[in-house]
Amino acid sequence: MNNNNKFRFWVLVGIVAISGLSQGMLLPLVAIIFEQDGLSSSMNGFHATGLYIGILLASPLMEGPLRKFGYKPVILAGGILVAGALASFPLWKSFWFWFVLRFLIGIGDHMLHFGTQTWITSSSPKERIGRNISLYGLFFGLGFTAGPLMTRFVEVHESLPFMISSAISLISWLLVWTLKNEYPESDLETSSFLGTFTRFGKVFKYAWVAFLPPFGYGFLEASLNGNFPVYALRSGIEVSAVSLILPAFAAGSIVFQLPLGILSDRLGRKNVLVTVMLLGVVCFTAAGMVQNSIPGLFICFFLAGMLVGSTFSLGISYMADLLPKQLLPAGNIMCGIFFSFGSISGPFIGGMSIQHLKGPGFFYVISTMLLVIFFSLLAFKPSESAAKKTRSA
């Protein structure tokens, strides 16, 4: 990596860290505000899906602008959208107004992540993809860990956390202007909306299993940050304790993000993914058994983060292993789509489990989801000729 590429890489992962900060703050902050206002857990969970509905609806529209305008304009547009939406929360406290703002942040965040992910996976040498994407995930985790800590500012003024995160997002947006624009590798197919869906079919055929870890991570991230504060408050756990337990998951992912990425380069992505998924099932089952213990939950969240907190970046790396470079934009879009599927279903299912299941059912739902992904990874048999077939298709 030359100096220009190194500078670009560190700017990109810095942007991802700021995105993680805003997401890590927004989910628990709004959940706590609405819970204190008396909103039901299912409606609170539904509100959390606004961010991911934005990701899902915007996903099929991303590849065309990226191929036409390049990485830099897409990232810039996403950054200013996020900063503007965050600054708008204090303007009007309304369920639906805040839902629309979350929707816009989902679109902006996806533009940021799609642009940075594709830029990094396309420019990384094959033997360093796991390391580079794990650093991407590590910096997102650093931001996500710091995010819930900002919920404490709500005690000073309800608007303060939103304004701080908006200002930080704006600073990261300014850094993108220093980068030289580049374009993704093209193929002979059209970059139209229809061409994107044609590529989706090819991508899914050869790499469908690589999208399950991003789905699982989205489910985990959204349900833990959107539902767990409600679950904890109803179990008698105070807000101050929630703001320490929640970051434990992201902190655990920080500890093992880079080692797991490097390990996956050496031992194979599938082997590492199968192992961490099974151990993740054990951690969340244990969390259900110690549901009323603050130290116990802290330990379980930290260990779970060490294991399954890296599944998003490992899934992206696995996808990059299975596909040729010209299909990486479509592959990264599908990672975002499956992440949003998980993130939409997570808060809804989590909210319903809190409302209708007694005791530790919330944690056992998460364990079941991870177990399904574990068996899917075991069953998958990658085709050695997949990349050749895709190139000639």
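Whatever comes next refers back to the structure up there.
This report concerns the structure included in the present document. (Residues numbered from 1 in each chain as written. Predicted model: local features only at pLDDT ≥ 70, side-chain atom pairs only at ≥ 80, totals over all residues. Heavy atoms only, no water.)

Notes on the packing of helix α3 (residues 50-58) against helix α16 (residues 328-356)
For the pair α3 and α16, the least separation of the axes is 8 Å and the interaxial angle reads 150°. It follows that α3 is roughly antiparallel to α16 by the angle criterion. As for the relative orientation of α3 and α16, their crossing is left-handed in sense. Touching Y52, I53, I55 and L56 of α3 are G336, I337, F339, S340, F341, S343 and I344, all from α16. (Axes fitted to C-alpha atoms, helices over the stretch in contact; angles between N-to-C directions. Helix = DSSP H or I, 4+ residues; strand = E, 2+ residues; numbered from the N terminus. Parallel < 35°, antiparallel > 145°, perpendicular 65-115°, else oblique. Left-handed = near helix turned anticlockwise from the far one by under 90°. Contact = heavy atoms within 4.5 Å.)

Some words on the pattern of salt bridges
Per the stated rule, a full pass over the model turns up five salt bridges. A salt bridge links R8 to E182; its shortest N-O distance comes to 2.9 Å. Linking R8 in helix α1 (residues 3-36) with E182 in the loop between α8 (160-176) and α9 (193-207), this pair joins segments that are 174 residues apart in sequence. We classify E182 as partly exposed; its relative accessible area is 29%. (Salt bridge = Lys/Arg side-chain N within 4 Å of Asp/Glu carboxyl O. Buried < 20%, exposed > 50% of the residue type's maximum accessible area, 1.4 Å probe, protein only.)

Side note on the state of the cysteines
Summed over the entire model, instances satisfying the criterion amount to zero disulfides. Cysteine C300 remains unbridged, with the sulfur of C283 as its closest cysteine sulfur at 6.5 Å. The exposure class assigned to C300 is buried, which follows from its relative accessible area of 10%. (Disulfide = S-S within 2.5 Å.)

Quick word on the nonpolar core
Of all hydrophobic cores here, the largest spans 118 residues; its most connected members are F228, F284 and F301. In terms of residue count, the dominant contributor to this core is α1 (14 residues). In this view, F284 contacts L220, L224, F249, A304, V308, F363, I366, S367 and L370; residues no more than four positions away in its chain are not counted. (Core = buried A, V, L, I, M, F, W, Y, C linked by side-chain atoms within 4.5 Å.)

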